[in-house]
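# Coordinate analysis (summary)
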Amino acid sequence: MVVKLNNVIKRFDNRLALDYFNLEIGKGEVVGLLGPNGAGKTTSINAMVGLLELDEGTIEIFGRKVNGASNDIKQRIGLVTQEVTIYEDISAYENLLFFGKLYGLRGERLKQRIEEVARMIGLEGRLKENPKRYSGGMKRRLNIGCSILHEPELLIMDEPTVGIDPQSRNYILEFVKKMAKETDTAILYTSHYIGEVEAISDRVYIVDEGHNIASGTVSELIGKVKGDNHIHIDVDQPQESVLDDLKKLADVKEVSLNENRFQIVTYAGVNIMDKLIAKLSPFTIRNVRNNEPSLEDVFLSLTGKSLRDGTVD
Amino acid sequence: MMVVYSLALKRAIKQKITLVMVMLFPVIIILIPPFPYNIIPFSFTIYGLVIMFTAFILTKQVLDDRAQKTIVRIAASPLNHYAYVGGHVSAYMSILLVQVVFFMLLAVFRFSVSPQFFLVSSLIYIVFALMSIAFSLFWHLFFKSYATSIAVYSVVANIMALAGGLTVPLEMFPERVKDVVVVLPTYWFAYSLDASYNGTYTNIGYTLAILAAFTIGFFAIGSKRSF
Amino acid sequence: MLRFYGLRVLKDYLGHVILIGLPIFMITFMSYINTPEGESVAAVAGTITIAFLLMFHIFGAAYTHEGIEKDFFTPMRMRLKAAPVNPVRFIVAMIVYSVLISFAQTLVILAYSMVVLGAAFQNLPLVLLLFIINIVFSQLMAAVVILKLKKAAKAQAVMMAYAIGGPVLAGFMFPLPENTFTRFLERYSTPVAHIRTAITGVLNSDTTDIVLGAALALAFIAIITVVLVRLSESVKT
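In every chain, residue numbers begin from 1 and rise along the written sequence. Lettering of chains starts at A and numbering of ligands starts at 1, both following the order in which they are written. Residues qualify for local features only when their pLDDT is at least 70, as the model is predicted, and side-chain atom pairs are given and counted only at 80 or more; totals for whole chains, interfaces and linings, by contrast, use all residues.

## Observations concerning the overall build of chain C
Helix and strand assignments come from DSSP, with helices taken as H or I runs of at least 4 residues and strands as E runs of at least 2, each series counted from the N terminus. What chain C contains, in helices and strands, is 11 helices and 0 strands. The N-to-C order of helical and strand elements in chain C reads α-α-α-α-α-α-α-α-α-α-α. Compactness check: chain C gives a C-alpha radius of gyration of 19 Å against a globular reference of 18 Å for 237 residues, within 12% of the reference. Residue burial here comes from a neighbour count, namely the number of other C-beta atoms, placed from the backbone, that lie within 10 Å of the residue's own C-beta, with 20 or more meaning buried, 12 or fewer meaning exposed, and in between meaning partly exposed. Buried positions account for 43% of the 237 residues belonging to chain C. Of the contacts made within chain C by residues no fewer than 6 positions apart, 71% connect residues no fewer than 24 positions apart. We compute the radius of gyration from the C-alpha atoms alone; for a globule the expected value is 2.2 Å times N to the 0.38, where N is the number of residues. Residues are treated as contacting if the C-beta atoms built from their backbones sit within 7 Å of each other.

Put into structure tokens, the structure is as follows:
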């Protein structure tokens, strides 16, 4: 294992930020970390990079126990920060030069790596420009570039695709998959875009209130809620009065109406489509869909749908 | 417009620097010892620089609205743009009026100024305050970020103050220099204050009209909507 | 790596315009204002240049202030602290290059004053040394203020208060009332007053003033360095 967090506890004043938190990342593996705001994702990243000390538990990185800063360990880690942390008043090339030197690269080797990284992030030919002139996607790619110059064995990416165009997002996701596969880099990827995590992760940890509430491969996690069928039926001019009739049907777990769409959850292995259609026959049915659960369904069923950073009256 | 006025006033008062500029700086300025010669005490002219910076800091809201794109949301609403500008300007003038009154009351205690000087110089300060707001709005049009705007403004305002006779008495200026600096509104401000202090009120109307012309000119450009 | 900090400071073109252009304008203007018609400005240009340079050294401390603010009080902090480098090195690099650039700006302004205005400076090497002391103190003070207050707006307010208050108390802006207290303030109130005392000593060939002024300023530098070393520990965590 490249990274092993074992029952980590971290408190800030009275607040438990990490509560018996466990995580493992192997070589060449992409591990997704999902969680609502305030779940402990950034705290766990800070702990791994040595930016804070633990109250209890252990962190092993590259087989060594660490607690707090260690330059040897930092040398082998690349951190892609959530915010774009580059210097916008100097050129992209100068940014790469600076961050490369921070990690001990020098001379010809540094120049070579800058050229390689520029190709990897799709910015070759644009390095002389100031990042001020870049689009959001380009800035994000440069942000990543500054973190991989030194060929880290562990790459931590904290929401690297926030606020960028679909092309740049796709480019970054392809880049992450390629990097893990070709260079055996262990990658920790956090994001609020569940679809991204689903697309690239070998394993996923779902965290909430400082501890992991589920972990496994994407299919393993989906299997946890695979017991339910999600059926969507779109009709014209629906009426709420029919909801009660639908709820009374056997094997129906949940029914809701969202504009023109009846959303029905039934138990697995049950086929009551004919009964549902019969109940809805007074309406003109436009579309019927039997949805397989997604990672988003897993996430929402485990963490709930209520807002975490405010309430709506 | 009242909606904008009260919002602008609230936002301005919430900034701690507003209180410092309105209440503290006039006190510091009034304590500056007067020149030993019989010319207008330094406090009166340097207060003009305080007005300029106070106006600049107050108008930051307008630049922020543009930088943060709030102006787009406002523009999409039924609010007329001139009501938006008018509301802000009225709010800032209300605050500057408080500052002027406070400063003049301090001046009465410190320098025992005559009632005529009190009235005339208050009027000069009020017109200059309006001109400063107009100039600040005009200035902000050329910048996207407040940090850059104030950095360059600090230079320009200091040059205008120095060359216009706010930080160095006009009496010390050679005639050839005075011929050049008449293009600056700060010169006319210092000139009118000087004349008022010396009891020469005949030209005050003329100088106030020049300041008003500067104000109108800066407003004409500065009040334009810009995204 | 240090070179990078020099590049950051060097590329602040607006800063150069403000910190070279504005003093040159003010020195020129004040020299002409204070010279009767028909006479050469050279007689007063030297003294006026020294006064403005001492003031603008304090404004030049903005390089250190803004550099540390960007590196340690924005999300950039995480990236830098995740690097295998002692974070204190960044602070040292910022201060070193800010001092160098501020001194270079001083040389440009001095050159203008000597070549264009005809100012003459007695014992120029000693005056330059005293300028360096003033620059070093200003940059160190900016570092201490931002690290202590942690908020850019508050730190800027403190530096602005020193930038205005220091020269006022030293008697640069306008003559203070004549009494023992104000004479004490003009000579000993702040490091900028100390350097002014020392430079006045150079101009008047008064060794006591030179030694006293320089020693006091260096003592302040020693104190503020100790404070800075302690505060620098906070950036490691």
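## Quick notes on the overall build of chain B
The secondary structure content of chain B amounts to 11 helices and 0 strands. Across chain B, helices and strands are ordered from the amino to the carboxyl terminus as α-α-α-α-α-α-α-α-α-α-α. Rg of the C-alpha trace for chain B: 18 Å, near the compact-globule value of 17 Å for 227 residues, within the 12% margin. Dimensions of chain B, computed from the C-alpha atoms along their principal axes, are close to 55 × 35 × 30 Å.

## Let's talk about the environment of Val 117 of chain A
All names here are of chain A. Along the chain, Val 117 turns up in helix 4 (residues 107-120). Considered as a pair, Val 117 and Cys 146 are 29 residues apart in the sequence and their alpha carbons are 8.6 Å apart. Sequence-distant contacts of Val 117, that is, excluding residues within four places in its chain, are made with Leu 96, Gly 145, Ile 148 and Leu 149.

## Observations regarding the sheet that holds strand 10 (residues 211-216) of chain A
Residue and element names in this part refer to chain A. With mixed pairing, 6 strands are arranged side by side in an open sheet as 6-7-8-3-9-10. With one partner strand each, in any of the chains shown, strand 6 (77-80) and strand 10 form the two edges of the open sheet. The sheet shows a mean angle of 15 degrees between the axes of neighbouring strands, direction not considered. Here, strands pair whenever DSSP counts at least two bridges between them. One ladder, built from 5 bridges, connects strand 9 (residues 203-208) with strand 10; its direction is antiparallel. Here the axes come from fitting lines to C-alpha atoms, over the contacting stretch only for helices, and the angles between their N-to-C directions go from 0 to 180 degrees.

## What about the sheet that holds strand 13 (residues 261-267) of chain A?
Backbone hydrogen bonds hold the strands of a sheet together, and the pairing may be parallel or antiparallel. Residue and element names in this part refer to chain A. Reading across the sheet, the 4 strands line up as 12-13-11-14 and stay open at both edges, with antiparallel pairing between neighbours. This sheet does not close on itself; its edge strands, each paired only once, are strand 12 (252-258) and strand 14 (285-291). On average, each strand axis in the sheet is inclined to that of its neighbour by 15 degrees, with strand direction left out of account. The sheet contact formed by strand 12 and strand 13 spans 6 bridges and is antiparallel. Bridge pairing in strand 13 places Val 252 opposite Thr 266. Against the sheet, helix 9 (residues 241-248) engages strand 12 and strand 13, with an angle of about 165 degrees to strand 12.

## So, the interface of chain A and chain C
Contact residues are listed per partner, giving 18 residues for chain A and 14 residues for chain C. For the side of chain A that touches chain C, the elements supplying multiple residues, two or more each, are helix 2 (71-75), strand 6 and helix 3 (92-102) of chain A. Looking at the side of chain A that touches chain C, the element that brings in the most residues is helix 3 of chain A, giving 4 residues. Broken down by class, the residue content of the side of chain A that touches chain C amounts to 9 nonpolar, 4 polar and 5 charged. For this scheme, ten residues count as nonpolar: Ala, Val, Leu, Ile, Met, Phe, Trp, Tyr, Cys and Pro. Four count as charged, namely Asp, Glu, Lys and Arg, and the remainder, Gly too, count as polar.

## Points about the interface of chain C and chain B
With 12 residues of chain C at the interface, the matching set in chain B holds 16 residues. Within the side of chain C that touches chain B, the residues separate by chemical class into 11 nonpolar, no polar and 1 charged.

## Here's the deal with the packing of helix 2 (residues 16-30) of chain B against helix 6 (residues 81-111) of chain B
The packing of two helices is summarised by the inter-axis angle and the distance between the axes. Residue and element names in this part refer to chain B. Remark: helix 2 packs on helix 6, axes separated minimally by 10 Å, with the N-to-C direction vectors making an angle of 20 degrees. Overall, the two elements helix 2 and helix 6 adopt an arrangement that is roughly parallel. Taken as a pair, helix 2 and helix 6 cross one another with a handedness that is right-handed. Across the interface between the two elements, Thr 18, Val 22, Met 23, Pro 26, Val 27 and Ile 30 from helix 2 touch Ile 95, Val 98, Gln 99, Phe 102, Phe 103, Leu 106, Ala 107 and Arg 110 from helix 6. When its residues are assigned to classes, the contact of helix 2 with helix 6 shows 11 nonpolar, 2 polar and 1 charged. Just so you know how the angles are binned, under 35 degrees is roughly parallel, over 145 roughly antiparallel, 65 to 115 roughly perpendicular, and the rest oblique. Helix crossings get a hand from a simple test, with the near helix turned counterclockwise from the far one by less than a right angle marking a left-handed crossing and a clockwise turn marking a right-handed one.

## A few points about the nonpolar core
Soluble, globular proteins show a tendency: their nonpolar side chains are buried together. By definition, a nonpolar core groups buried Ala, Val, Leu, Ile, Met, Phe, Trp, Tyr and Cys residues that are joined through C-beta atoms within 7 Å. Within the largest apolar cluster, 202 residues are counted, with the highest numbers of intra-cluster contacts made by Ile 156, Ile 187 and Tyr 189 of chain A. With 15 residues, the single largest contributor to this core is helix 7 (residues 124-149) of chain C. Once you skip the residues sitting within four places of it in the chain, Tyr 189 of chain A turns out to touch Val 30, Val 31, Gly 32, Leu 33, Met 157, Val 176, Val 197, Ile 200 and Ser 201 of chain A. One finds Val 235, Leu 246, Val 255 and Ile 264 of chain A within the second-largest nonpolar core, a separate group that totals 7 residues.

## Some details on unusual backbone geometry
Phi is positive for Asp 251 of chain A, close to 70 degrees, though the residue is something other than glycine. Positionally, Asp 251 of chain A belongs in the loop between helix 9 and strand 12.

## Considerations on helix 6 (residues 166-183) of chain A
Multiplying 1.5 Å by the helix residue count minus one yields the expected span of that helix. Taking 1.5 Å of rise per residue, the 18 residues of helix 6 of chain A would be expected to cover 26 Å, and the 25 Å separating its terminal C-alpha atoms lies within 8% of that figure. Following helix 6 of chain A by one or two positions, Asp 184 of chain A has its phi on the positive side, about 65 degrees.

## Focus: helix 3 (residues 42-58) of chain B
The first and last C-alpha atoms of helix 3 of chain B sit 25 Å apart over 17 residues, in line with the 24 Å expected at 1.5 Å per residue. For helix 3 of chain B, the tally of buried residues reaches 15 of 17 residues, placing the bulk of the element in the interior.

## Concerning the packing of helix 7 of chain C against helix 10 (residues 191-203) of chain C
Residues and elements named next belong to chain C. One can describe the packing of helix 7 onto helix 10 by two numbers: an axis separation of 10 Å at closest approach and a directional angle of 180 degrees. In terms of orientation, helix 7 lies roughly antiparallel with respect to helix 10. In contact with Leu 126, Val 127, Leu 130, Ile 133, Asn 134 and Phe 137 of helix 7, helix 10 contributes Pro 191, Val 192, Ile 195, Ala 198, Ile 199 and Val 202. By residue class, the composition of the contact of helix 7 with helix 10 is 11 nonpolar, 1 polar and no charged.

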